[in-house]
Amino acid sequence: MYTPRVVSIGPIHYGKPQLQAMERSKCMFLALYMERSSALSLDDMVRVAIDIEEEARMSYLECFDNISSQDF
């Protein structure tokens, strides 16, 4: 299995100490994206993420019951 060194996307490596600096940067990058994109508002994006959460969780072999919906 691949182990990221700088950034991870998705829940598999969530919470690993060596990736925490980039977790903070992801919020900054999202804000920059939102400034440049008028396609969806942040609320719209959150609603889409909530709508597809169950499907996204089921796409992994691992169970992520220890990760809240907000963190997922």
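Here, every reference points to the structure presented above.
Scope of this entry: the structure provided in the associated data block. On a predicted model such as this, the values are computed, not experimentally measured, just so you know.

### Structural notes on the packing of aromatic side chains
This structure, assessed with the given rule, holds 3 aromatic pairs. Taking the centre distance of 6.5 Å and the plane angle of 85° together, the rings of Tyr-60 and Phe-72 count as edge-to-face. Here Tyr-60 is found in the segment after α2 (42-58), whereas its partner Phe-72 is found in the segment after α2, with 12 residues between them in sequence. The class of Phe-72 is partly exposed, set by a relative accessible area of 26%. Taken together, the ring pairs connect Tyr-60, Phe-64 and Phe-72 into an aromatic cluster. Across from the ring centre of Phe-72, 4.3 Å away, lies the NZ or CZ of Arg-57, which sits over that ring.

### Brief notes about α2
Along an α-helix, a turn takes 3.6 residues, which lines up residues three or four apart on a common side. Helix length check: α2, at 17 residues, gives a terminal C-alpha distance of 24 Å against a target of 24 Å (1.5 Å per residue), a fit within 8%. The largest bend along α2 reaches roughly 50° and is located at Ile-52.

### Digging into the pattern of salt bridges
Counted according to the given criterion, the structure contains 3 salt bridges. Residue Lys-26 is joined to Glu-23 by a salt bridge in which the shortest nitrogen-to-oxygen separation is 2.9 Å. Residue Lys-26 and its partner Glu-23 are both found in helix α1 (residues 20-36); the two are separated by 3 residues, about one turn of the helix. Owing to a relative accessible area of 28%, Lys-26 belongs among the partly exposed residues under this scheme. Here Arg-47 makes a salt bridge to Asp-44, at a shortest N to O gap of 2.9 Å.

Quick notes on the rules
Residues numbered from 1 in each chain as written. Predicted model: local features only at pLDDT ≥ 70, side-chain atom pairs only at ≥ 80, totals over all residues. Heavy atoms only, no water. Phe/Tyr/Trp six-rings, centres within 6.5 Å; stacked < 30°, edge-to-face > 60°. Helix = DSSP H or I, 4+ residues; strand = E, 2+ residues; numbered from the N terminus. Buried < 20%, exposed > 50% of the residue type's maximum accessible area, 1.4 Å probe, protein only. Lys NZ or Arg CZ within 6 Å of the ring centre and 35° of its normal. Expected span 1.5 Å × (residues − 1). Bend = angle between axes of the 7 residues up to and from the residue. Salt bridge = Lys/Arg side-chain N within 4 Å of Asp/Glu carboxyl O.

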